[in-house]
Amino acid sequence: MAAAASSREAWWCLALFLPCLGAAFAVGEGLLGLLGEPSGAQETPSLGLVVLAGAPALLVFTLPALACVHFGRRARRLGQERAMVPVTIAVSVTVAFAGLNLLAYVVQLVVG
């Protein structure tokens, strides 16, 4: 019973990616604005600004993955092996999000 509930909770954690995506963008853009970078600026922000604004935004976006890993591992420990499917999805989405944002920054640096 507890294994099925934890597995279900892991699946429900995937639904949290949508609101966390909006929150991550709000945090990132808000911090960039507070740090003096105008919204929609043409020039690429410095690496320091990107790290200062990007790290908290990435943390906000990873919250659903962390919750999903917690519940998925609990369900797996209780015998529900297929609970690792939402964990794999959550980790893949998080890594893809971080990778695409990093790639976009590098491309913007190279292209100018």
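Keep in mind it's a predicted model, so treat the numbers as computed, not measured. (Residues numbered from 1 in each chain as written. Predicted model: local features only at pLDDT ≥ 70, side-chain atom pairs only at ≥ 80, totals over all residues. Heavy atoms only, no water.)

## Topic: the nonpolar core
And step 1. L14, F17, A24, F61, C68 and A90 are the most contacted members of the largest nonpolar core, which totals 14 residues.
And step 2. Secondary structure elements with two or more residues in this core: α1 (2-13), α2 (17-34), α3 (47-77) and α4 (84-111).
And step 3. Take this core: its biggest share by element is six residues, from α3.
And step 4. For A90, the residues in contact, after removing those within four places along its chain, are L14, F17, A65 and C68. (Core = buried A, V, L, I, M, F, W, Y, C linked by side-chain atoms within 4.5 Å. Buried < 20%, exposed > 50% of the residue type's maximum accessible area, 1.4 Å probe, protein only. Helix = DSSP H or I, 4+ residues; strand = E, 2+ residues; numbered from the N terminus. Contact = heavy atoms within 4.5 Å.)

## A few points about the packing of aromatic side chains
And step 1. Evaluation of the coordinates by the stated rule reveals three aromatic pairs.
And step 2. Relative to F97, the ring of F25 has its centre 6.1 Å away and its plane inclined at 85°; by these criteria the two rings are edge-to-face. With F25 in helix α2 and F97 in helix α4, the pair connects residues that are 72 residues apart, well separated along the chain.
And step 3. A residue is classified by how much of its surface remains accessible, and F97, at 17% relative accessible area, is buried.
And step 4. One aromatic cluster is present, formed by F17, F25, F61 and F97 through successive ring pairs. (Phe/Tyr/Trp six-rings, centres within 6.5 Å; stacked < 30°, edge-to-face > 60°.)

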